[in-house]
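Residue strings, one per chain:
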Amino acid sequence: MKKLIYLLPLVALCMVCLWGCEDDDPVVERLFRPNFVSATASENTITYSWKQIGNAVAYTIEICRNADFEPEAEFSATVTGTNYTFTGLRYNTAYYARVRAVSDGTTGDSNWTIRDGETKTETRVVPQLLQAIDTDEIGETDVTIHWTIDEANPVDSISVVKTEGSEVVREILLAPEEMIGEYHIEGLEKSCNYTITIANTQAPEDAKTYNTQSFKTAGPPAEATVIGVTDNFAKILEEDLANSPKTSLIYYLEGADYYMLQDKALDLNEDGTVLGVKGKDGIEYKLTKSIRIIGNTKTKSTLWIRSKWTLENSLEFLEFENVNIKQYINPKVGATANGNFELMNNANTVTANGRVEISSYVIKNGDLTGFTRGLFLCNADYTEEASLVIKKLVIDGCRYTPVDPEDKTTTIKHGGWGVFHIAKKYTDIWGEISITNSTFYNCEEAKGLFGTPVNTSWASPAAGKVKVSNCTFFDFSTKQTLINVGNLPAPGVDITIEKCLIATANLPGGAICPSPSAANNRLVSAADNYYVDVEDGWILNNKDGDLNFVPVGLSNDELFESPSTGNFTIKAKDSDVYKKGIGDPRWIK
């Protein structure tokens, strides 16, 4: 009885506590959670969809780059439908999503449904709006740039940066009346390298800038010898190579045409200046000193040559910039087209003088025509003690073809040689090769860019590098391989081929592959390469798969402005070739 008396107060206390808590935290009835159906990314947008929930009046969808949504969601929206698209996101970025159903107030909102995994936006495809800068519009202290007007991608600013040192020299904010696709920039320095970028300052942070273009202002460097319009440059170069105490010769050409011919082939004034041409005999230059020849961007200087140039000893550089180099063809003076012609030929000179080395061999911004056996022909066996080495080889902004498109009378075809034909022992050009922003066409019989280099026995301590990018090939090496590096001894070469475009005019298709069967070579990168898939034209063989060439989906006439006349301007502006800036950028206008 006493135990019962003691228990009664305890029971009463528990009942009071229960009554006191009954309304304090009642069980809340909620809507069911919606389940995700899909998530689709496109450029910098993501579209989510989810299942409908009965009695829901709306849905809240949120995304964040952190899976735990801390400190809070980056983007949030409340909508009445079952899908929503987030726009203006960061490119190439992973986002996590959650959604919940919103009630009308009679019940609680649902708990969050967190979508499994991430959804990643696409890598930005930078609009190729800024056009390649025409050398005719580059002055000594000014330049005119052009860009494509696109309502979806407006341009409101221009940045001018010195390439060396990355110093920003101009930041130009365009007024509305200046957004016309053209702008003239003044106040630049002579003979200076610049990079120009156009942008939209109103775009999201990672989508402000468009593509860039680089150029060099005109004018002679301080150390250059200026060659006047009527100066006999052929004679000046010959005498400087023989007698100048300088180890390097730098020239700036003010005129348009320079005929590298013997005096007897030139019509000379009493003071030795050139009045015209009366013969065909060229000068075979023996290169004993480093040479840099810079042309006038306004006149686009041309060297007309009839004889090969050969190396006599090692050079620090052999460089041509803003200079056309062409075989002189004029039947009126007996200078008929020579089908066995090359710019440089080193068949025997190296063995007599020991090891010969060029540290830098560069050709930039020039038309190269008439070289039916390439720009460098080395077709002799050397020895390890008497070898030929080119450490750095650059071709940029050039057009290579046997005959000028404007020449309607000359008939000449490229021979069975590579642009650089290296076919014998102990010739090493593979240190660092860069072939960019160039066009090669009407060279069906050519043996690729590098001839047929088989077991050249070069002894390099490190792997060579071959980069081919933003090049257009039309009817080039259609019976051989495009690159044609061949079987080199170890360590071989690393090959990069990107943003290249190839096409033929219904010719038999060859192989594009850079000899992947060569065990010592490696394909490092191959991206955004395209070919015109014309009927009976270029056919990709099973060795070309690694190069990632994909069909354009258009014919030659649909893609190009006038390929038969050497005009490869891309007229299909809705094509991937135009949008991605594939091939020589000078054809993207």
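Note that this is a predicted model, so its numbers are computed, not measured.

Moving on, we get to the layout of surface pockets. Quantified by volume, the second largest pocket comes out at close to 540 Å³. Around the second largest pocket, the lining comprises 25 residues; the ones closest to its centre are Glu43, Val125, Pro127, Asp150 and Asn153. Taken together, the residues that form the lining of the second largest pocket break down as 12 nonpolar, 6 polar and 7 charged.

All told, the structure shown has 27 aromatic pairs when counted by the stated rule. Here the aromatic rings of Phe568 and Trp587 are separated by 5.7 Å at their centres, their planes lie at 85°, and the arrangement is edge-to-face. Highlighted residues: Phe568 in strand E44 (residues 567–570) and Trp587 in the segment after helix H5 (576–580), separated in sequence by 19 residues. The residues Phe568 and Trp587 share a single accessibility class, namely buried. One aromatic cluster is present, formed by Phe36, Tyr48, Phe75, Tyr84 and Phe86 through successive ring pairs. Positioned above the aromatic ring of Phe69 is the side chain of Arg98, whose terminal nitrogen or guanidinium carbon lies 4.3 Å from the ring centre. Over the ring of Trp112 we find Arg98; its NZ or CZ atom is 4.4 Å from the centre of that ring.

Put simply, Glu70 and Pro71 share a cis peptide bond, and its omega is 0°. Here Pro71 lies in the loop between strand E3 (58–64) and strand E4 (75–79). A positive phi angle, near 50°, is found at Asn437, a position not held by glycine. Classification of Asn437 as partly exposed rests on a relative accessible area of 24%. Positive phi, normally seen in glycine, also occurs at Asp475, with a value near 50°. The residue Asp475 is located in strand E37 (residues 472–476) in this model. Take Asp475: its relative accessible area is 5%, and that puts it in the buried class.

Basis of the calculations
Residues numbered from 1 in each chain as written. Predicted model: local features only at pLDDT ≥ 70, side-chain atom pairs only at ≥ 80, totals over all residues. Heavy atoms only, no water. 1 Å grid on protein atoms, 1.4 Å probe; cavity = no way out; pocket = protein on both sides within 12 Å on 5 of 7 lines; lining within 4 Å. Points joined across faces, edges and corners; volume = space filled by probe spheres on them. Nonpolar A, V, L, I, M, F, W, Y, C, P; charged D, E, K, R; others polar. Phe/Tyr/Trp six-rings, centres within 6.5 Å; stacked < 30°, edge-to-face > 60°. Helix = DSSP H or I, 4+ residues; strand = E, 2+ residues; numbered from the N terminus. Buried < 20%, exposed > 50% of the residue type's maximum accessible area, 1.4 Å probe, protein only. Lys NZ or Arg CZ within 6 Å of the ring centre and 35° of its normal.

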